[in-house]
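# Observations on chain architecture
Chain residues, written in single-letter form:
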Amino acid sequence: MLKLSIIVPVYNVENYLRQCLDSLLKQTLHDFEVICINDGSTDSSLDILKEYELRDKRIRVISKENEGYGKTMNLGFNEAKAQYIGIVESDDFVKPEMYEKLYETIKKQSADVVKCNFFKYTAGSEGNIDYSREYSEKFYGQVIEPINYPELYSAHSSIWAGLYKKEFLNENQIWFNETPGASFQDVAFQFKVLSTAKRMCIIPDALLYYRTDNLMSSVNSPYKIYCIFDEIHCMERYVETQEPERQKRLWPILEGKKYYEYRWHCWERLSSIFQFAFFEKMVEEFKIDNAEGKFSQVAWRDPYEATELERMLENPYEYFMGKVKQEHDRRIDFANIKNDQLSRIGFFHVLQEHKKIIIYGAGVIGRYVAERLKASGVDEEKLVFAVTNLQVSESEIGGITVKQIDAVVREYEDSVVLIAVKGEKQIIMLNYLISLKVKNCIVMDSDILSYLV
């Protein structure tokens, strides 16, 4: 009888897949299946999977079109035949004794879930690997109900460093968020596990090597800026389905989790050129939550964090600039829409999303931008020039209307503003746009201008 079903989601990991599968086939526990789900890989990953499927009957391959991590994982759960389920990312690998130790613990303690620690692995770091140390030693060897220990929610989600009772997942309808193209779908999954499990065990051993040098990993993708918002909103919907007493316990935990996750993504994960766009959206949500009193019961890790939140909400612009002034170019930090070495196609796609394109600056650069946009197929009726101080009520340049910036941004709410000036003037204009609460702007720096050639 199978003891374990190990789910391995696969997407374009030809450089790491063999190491992952080899580590699973070397397990000291033998009665398991490995369900490898190919999510529409375009490299040689599927060929490698078929090779291993022929080599070892414990490996089962399912191939489908690309639908994203959430659907892939949920399919794996549905296909799992064993009583317990493990997860291994296809760019990670595990120690030979991993699943024997996890299985012995979860069976002995009749647990819903068992977690272990892991190593943060970078190729070539074999002699100096960082041990994760996610949990306090007081939890080792205990059977705990996680909701009673809010600090557990602060640990790395590390859904792959563990084992889950399938019956527990099914009874509590714990699945992955299936938002297409999303990332960080482990965050909501882990939150629901911790919030539902009655019996959880943690062992001190580090048993998995979590790869941190895969450039294709979602954590290294700058194009998935807002995915964490989807996950937090999924968690909010989950809490809203709970009984009132459980909601009272879960809301402070979730609000603290939301604060830490958003802050980490803003300052640690994202490229600096995306930070202001993310920060603005983050603060909007924090203001709503604060008005509803959701932060009042949060158990802050440090009292400074409550003060930091107050400063952030009181004057977001001042807070943001104080955070980044030593590190980044202000002109880039305020570029609110995809100012990240945009491909030419991507740039024009962004423009087409809006009804009006406001060219802020009617000088040489502004006129050049207008001419190149028209030459690239942008409808002239979609364009409007804007200046800070209009000398006449309205005029035209080359058939394009010129208006005063404060008036035009009020007139066209669904618009994108292109900052078409040089150097220091960019900063002045950006500051003014912020005061006007303009949300969508692109600085026409040398990189962006190159897409118009």
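Note that the structure is a prediction, hence the values are computed from the model and not measured.

Before going further, it helps to spend a moment on the side chain of Gln-242. With respect to the element layout, Gln-242 can be found in the loop between α7 (227-240) and α8 (244-269). You can call Gln-242 buried: its relative accessible area is 17%. In this structure the side chain of Gln-242 is engaged in a polar contact, spanning 3.4 Å, whose partner is the backbone oxygen of Tyr-238. Setting aside anything within four residues of it in sequence, one finds Gln-242 in contact with Gln-247 and Leu-250.

Spatially, six strands are ordered β12-β13-β11-β10-β14-β15 in an open sheet, and the strand pairing comes out mixed. At either margin of the open sheet sits one strand with a lone partner, and together these are β12 (395-397) and β15 (441-443). Neighbour-to-neighbour, the strand axes of this sheet turn through a mean angle of 30 degrees, independent of strand direction. Inspection of the sheet shows strand β11 (residues 383-387) paired to strand β13 (residues 400-404) by three bridges, in the parallel sense. Looking across to β13, one finds that Phe-385 is bridged to Val-402.

A few words now on helix α14 (residues 364-375). Its twelve residues give α14 an end-to-end C-alpha distance of 16 Å, which sits within 8% of 16 Å, the value for a rise of 1.5 Å per residue. Buried residues of α14: Ile-365, Gly-366, Val-369, Ala-370 and Leu-373, and no others. Buried residues along α14 cover an arc of 135 degrees about the axis, so they all sit on one side. Projecting away from the buried face of α14 at angles above 90 degrees are the exposed residues Val-364 and Ala-375. After α14 finishes, the residue Gly-377 shows a positive phi value of roughly 100 degrees.

For the rest of this paragraph, the subject is the pattern of salt bridges. This model, assessed by the stated rule, comprises 26 salt bridges. Across the pair Glu-67 and Lys-64 runs a salt bridge whose closest N-O atoms are separated by 3.2 Å. A residue is classified by how much of its surface remains accessible, and Lys-64, at 15% relative accessible area, is buried. Between Lys-248 and Glu-245 there is a salt bridge, and its shortest N-O distance comes to 3.9 Å. Highlighted residues: Lys-248 and Glu-245, both in helix α8, separated by three residues, approximately one helical turn. There is no split in this pair, since Lys-248 and Glu-245 are both exposed. A network of salt bridges, in which partner residues are shared, links Arg-18, Asp-22, Glu-51 and Arg-55.

For the chain, mean pLDDT is 86; residues scoring 70 or higher make up 87% of the total. Per-element averaging of pLDDT across the chain places helix α12 (residues 330-333) at the bottom with 42 and strand β4 (residues 84-87) at the top with 98. Low pLDDT (under 50) marks residues 214-222, which in the prediction has 14 contacts with non-local residues, meaning those over four places away or in another chain. In the model, residues 328-342 has pLDDT below 50 throughout and makes 58 contacts with residues more than four positions away in sequence or in other chains.

Analysis parameters
- Residues numbered from 1 in each chain as written.
- Predicted model: local features only at pLDDT ≥ 70, side-chain atom pairs only at ≥ 80, totals over all residues.
- Heavy atoms only, no water.
- Helix = DSSP H or I, 4+ residues; strand = E, 2+ residues; numbered from the N terminus.
- Buried < 20%, exposed > 50% of the residue type's maximum accessible area, 1.4 Å probe, protein only.
- Polar contact = N/O pair within 3.5 Å; in protein donor to acceptor, adjacent residues only side chain to side chain.
- Contact = heavy atoms within 4.5 Å.
- Pairing = 2+ DSSP bridges.
- Axes fitted to C-alpha atoms, helices over the stretch in contact; angles between N-to-C directions.
- Expected span 1.5 Å × (residues − 1).
- Arc of directions from axis to C-beta.
- Salt bridge = Lys/Arg side-chain N within 4 Å of Asp/Glu carboxyl O.
- pLDDT = per-residue confidence, 0-100.

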